[in-house]
Amino acid sequence: MSILAYADYERAREFDADVVVVGTGAGGAVVGAELAELGHEVLFIEEGGYHAPSTFNPYTTESVPRLYRDASATVMLGRPPIPYVEGRCVGGSTLINGGMTYRPPLRVLEHWEELGGPELGARGLEALFERVEANIHAAPQLEVSVGEDSKLMIAGAKKMGWRYSMNHRNQVACVGSNNCTLGCPTGAKQSTLVTYLPRAFAKGARCLTELRVERLLILRGRCVGVEGHAIDPRTRRARRRVRVRARAVVIACGAVQTPLLLERHGLGRPSRQLGQNLSCHPNAKVVAVYPFDVEGWKGVSQVAQIREFLDDGFLFAENFVAPGVLGAYLPFHGAEAWDMMRRYNQMVMSGVLVEDSGSGSVTRALFGLPYARYDITPLDHARVKRGVKLLAEMHFALGAEYVALPFTNHHLARSVDDLKRIDELETDPSTTELFTVHIMGTARMGRRDLDSVVDLNGELHDLPGCYVADASLFPTPIGVNPQVTIMALATRVASRLKLPARRAQPQRSRSPAASG
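All values reported here derive from a predicted model rather than from experimental measurement.

Asker: Honestly, a nonpolar patch on the surface in this entry has me stumped. Any pointers?
Answerer: On the surface, Val 75, Leu 77 and Tyr 371 cluster together into a nonpolar patch covering about 230 Å² of accessible area. Position of Val 75 relative to the elements: it lies in strand S4 (residues 74-76). With relative accessibility at 37%, the residue Val 75 sits in the partly exposed group.

Asker: Sorry if this is basic, but what is going on with unusual backbone geometry here?
Answerer: Both trends apply: most residues other than glycine have a negative phi, and most peptide bonds are in trans. In the segment running from Arg 79 into Pro 80, the intervening peptide bond is cis, with an omega of -5°. The phi dihedral of His 137 is positive, around 60°, even though this residue is not glycine. Here His 137 lies in the loop between helix H4 (122-135) and strand S6 (138-139). Overall, the relative accessible area of 39% leaves His 137 in the partly exposed class. One non-glycine residue, Arg 236, lies in positive phi territory at about 65°.

Asker: What is the right way to read the packing of H4 against helix H13 (residues 483-496) from this model?
Answerer: Helix-helix packing is described using two parameters, namely the angle between the two axes and the distance between the axes. For the pair H4 and H13, interaxial distance at closest approach is 9 Å and the crossing angle is 110°. In terms of orientation, H4 lies roughly perpendicular with respect to H13. As for how H4 packs across H13, the hand of that crossing is right-handed. For the pair H4 and H13, the contacting residues are Leu 125, Leu 128, Phe 129, Arg 131, Val 132 and Glu 133 in the first and Val 484, Thr 485, Met 487, Ala 488, Leu 489, Thr 491 and Arg 492 in the second. Residues of the contact of H4 with H13, tallied by class, amount to eight nonpolar, two polar and three charged.

Asker: Just to check I follow, could you spell out the pattern of salt bridges for this structure?
Answerer: Side chains that differ in sign of charge can pair as their charged atoms come close. Using the criterion set out here, one finds 36 salt bridges in the structure. Linking Arg 88 and Asp 70 is a salt bridge whose minimum nitrogen-to-oxygen distance equals 4.0 Å. One end of the pair, Arg 88, is in the loop between strand S5 (82-84) and helix H3 (106-116); the other, Asp 70, is in the loop between helix H2 (60-67) and S4, with 18 residues separating them in the sequence. Overlapping salt bridges bring together Glu 47, Arg 69, Asp 70, Glu 86, Arg 88, Arg 212 and Arg 236 as one network.

Asker: How should the side chain of Ser 472 be read in this particular structure?
Answerer: Its place among the elements puts Ser 472 in the loop between strand S21 (466-468) and H13. Here the side chain of Ser 472 touches Asp 470 through a polar contact of 2.2 Å, side chain to side chain.

Asker: I'm lost on the pairing of strand S15 (residues 314-318) in this one. Help?
Answerer: The buried fraction of S15 amounts to five of the five residues, a majority that puts the element mostly inside the structure. The alternating pattern of S15 places Phe 314, Phe 316 and Glu 318 and Leu 315 and Ala 317 on opposite faces, both of which are buried. Summarising the sheet, strand S14 (residues 304-306) and S15 pair through two bridges and their orientation is antiparallel. Looking at S15, one finds that Ile 306 is bridged to Phe 316.

Asker: I tried to follow the packing of aromatic side chains on my own but got confused; where do I start?
Answerer: The geometry of an aromatic ring pair is captured by the separation of the ring centres together with the interplanar angle, meaning the angle of the planes. Scanning the model with the defined rule gives 10 aromatic pairs in all. Summarising the aromatic geometry, the rings of Tyr 9 and Phe 15 are spaced 6.4 Å apart at their centres and angled 90° between planes, so their arrangement reads as edge-to-face. This pair shows no difference in class: Tyr 9 is buried, exactly as Phe 15 is. For the ring pair Phe 309 and Phe 314, a centre distance of 5.3 Å and an interplane angle of 15° mean the geometry is stacked. Taken individually, Phe 309 and Phe 314 each receive the classification buried, so the pair is uniform in this respect. Grouping aromatic residues by their ring pairs yields a cluster made of Trp 162, Phe 309, Phe 314 and Phe 316. The positively charged end of Arg 240 is found above the aromatic ring belonging to Tyr 6, 4.2 Å away from the centroid. Directly above the aromatic system of Tyr 402 lies the positively charged group of Arg 414, at a separation of 5.0 Å from the ring centroid.

Asker: How do you make sense of the side chain of His 438 when you look at a structure like this?
Answerer: Secondary-structure assignment places His 438 in the loop between helix H12 (422-425) and S21. Under the relative-accessibility criterion, His 438 is labelled buried at 6%. A polar atom in the side chain of His 438 sits 3.0 Å from the side chain of His 281. Apart from the residues lying within four places of it in its own chain, the contact partners of His 438 are Ser 279, Cys 280, His 281, Leu 353, Val 480, Asn 481 and Pro 482.

Asker: Just checking my understanding: could you explain the nonpolar core for this structure?
Answerer: The nonpolar side chains of a soluble globular protein tend to be buried with one another. Among the nonpolar cores identified, the biggest contains 95 residues, and Val 31, Phe 44, Trp 112, Leu 208, Leu 216, Val 226 and Leu 262 are the most heavily contacted of them. Those residues in contact with Trp 112 that lie beyond four places of it in its chain are Gly 117, Leu 120, Leu 125, Phe 474, Pro 475, Thr 476, Ile 478, Thr 485 and Leu 489.

Asker: What am I meant to see in the state of the cysteines here?
Answerer: Here, the word disulfide means a covalent bond between the sulfur atoms of two cysteines. Applying the stated rule across the entire model yields zero disulfides. Left without a disulfide partner, Cys 223 is nearest to the cysteine sulfur of Cys 466, which lies 4.4 Å away. We classify Cys 223 as buried; its relative accessible area is 0%. Between Cys 253, a cysteine without a disulfide, and Cys 466, which holds the nearest cysteine sulfur, the sulfur-to-sulfur distance is 9.6 Å.

Asker: What's the story with empty space enclosed by the protein in this structure? I'm lost.
Answerer: Where empty space is left becomes clear once a probe the size of a water molecule has been rolled over the atoms. On inspection of all chains with the given rule, the structure shows four cavities of 30 Å³ or more. Forming the walls of the largest cavity are 14 residues, and the residues nearest its centre are Cys 174, Ser 177, Cys 180, Cys 184 and Lys 189. Its residues placed into classes, the lining of the largest cavity shows six nonpolar, six polar and two charged.

Conventions adopted
Residues numbered from 1 in each chain as written. Predicted model: local features only at pLDDT ≥ 70, side-chain atom pairs only at ≥ 80, totals over all residues. Heavy atoms only, no water. Patch = residues over 30% accessible without salt bridge, like charges linked within 9 Å, V, L, I, M, F, W, Y side chains within 5 Å. Areas by Shrake-Rupley, 256 points an atom, 1.4 Å probe, with all protein chains shown as cover. Salt bridge = Lys/Arg side-chain N within 4 Å of Asp/Glu carboxyl O. Helix = DSSP H or I, 4+ residues; strand = E, 2+ residues; numbered from the N terminus. Buried < 20%, exposed > 50% of the residue type's maximum accessible area, 1.4 Å probe, protein only. Axes fitted to C-alpha atoms, helices over the stretch in contact; angles between N-to-C directions. Parallel < 35°, antiparallel > 145°, perpendicular 65-115°, else oblique. Left-handed = near helix turned anticlockwise from the far one by under 90°. Contact = heavy atoms within 4.5 Å. Nonpolar A, V, L, I, M, F, W, Y, C, P; charged D, E, K, R; others polar. Polar contact = N/O pair within 3.5 Å; in protein donor to acceptor, adjacent residues only side chain to side chain. Pairing = 2+ DSSP bridges. Phe/Tyr/Trp six-rings, centres within 6.5 Å; stacked < 30°, edge-to-face > 60°. Lys NZ or Arg CZ within 6 Å of the ring centre and 35° of its normal. Core = buried A, V, L, I, M, F, W, Y, C linked by side-chain atoms within 4.5 Å. Disulfide = S-S within 2.5 Å. 1 Å grid on protein atoms, 1.4 Å probe; cavity = no way out; pocket = protein on both sides within 12 Å on 5 of 7 lines; lining within 4 Å. Points joined across faces, edges and corners; volume = space filled by probe spheres on them.

As structure tokens, this is what we get:
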């Protein structure tokens, strides 16, 4: 296994490979492993560092800065602003996600088939989903790993007469440490760190870590490599320029960073869709406090999802978090916050996940930083309000004393009667507190260059040799956790990627496509 870090670039700053893959998450690791097993020389690039499972722990002040981009302080601006998170480490966001392995609903895949043909429909993607699910061991949880908060959610669904679905998660013998979002310390969660990447390394793949890619290398209209700067892990400063030449380039940086890199080169011009169609599955949190101990920190995060309202555009789930994270999101400060946090063991943290009916955009701001803009639609605002009311009603039906609501002007509900004020008070989306962990759709896949950024092989319409393999490929939002869908599309890209017979030698060009 060859993993290089910042100090190694003092000796070597020029590299060659058949394929360079930028990103090691659900898209990058999968496409790279598949290509390595086809016999290609693969070189991964990861902006973050490599961290072994033995180093993962529940301490947020230590774990979040090293595993999350900008210590998770990233926000989409709009009405309302929506915080989002991205993994920045070997394994990407698969290292810090909840491990759900849901496929898109059939109605979504039917729509994709209308947009892209049979290859993007349920039948066309079936074999790819099956391959991915086998590779990441998608399976139900062991009973011993199921926590009381999950059991309460299931009991609530039954009491309300709602349909729910038991999750399959990418895990092997998970014991329910509930540290998914800070890295699985046992290696049970089958992130790309312990599945696809070891397979790639076994076939000779290499990985350059602590390296930020800033530019594509383009020669005679074809992408032939990348270059960027090594990032000092202590100061986060860019120090050493590194260049990688390759016969093909795969960009898998996620739906915010991928369009940011491609936009630098003026790409996506035929459709002008690059950076557009940003979707995010807005989430609204609902924290219920019970008169008895639940100890939601014991047991795996999210064993089931309540899917009664999936066709209405939203679903319910629980996802318990560390005290520091939960405390930061409470609507109180000082003694009032402490009084609530003292009841941490009696809380159930649940939420409403909404399938987008609108979209936003990602563009380049000052200093090359991403500017993500997203305004929730009136329909989705109504979905959030309805979902919050229904979920809070369920908690009250189970005996909750009070519920913390995601509204800045209506913090608590102490009875079902308090929920009646939601429609009266929440007329402006800006009073709604949302967050997201699902960013999709900014380099959509399609048949025509007039309405998509990449073709059905994942290759950019206007730059041969450059492919995309992450959530930005999605033609539309999918309404469920995107991990397996990203992996299936990345597997497809790997099977369709074509290498030229001869490796071109990159050189500087004054053309707009090369100069950015």
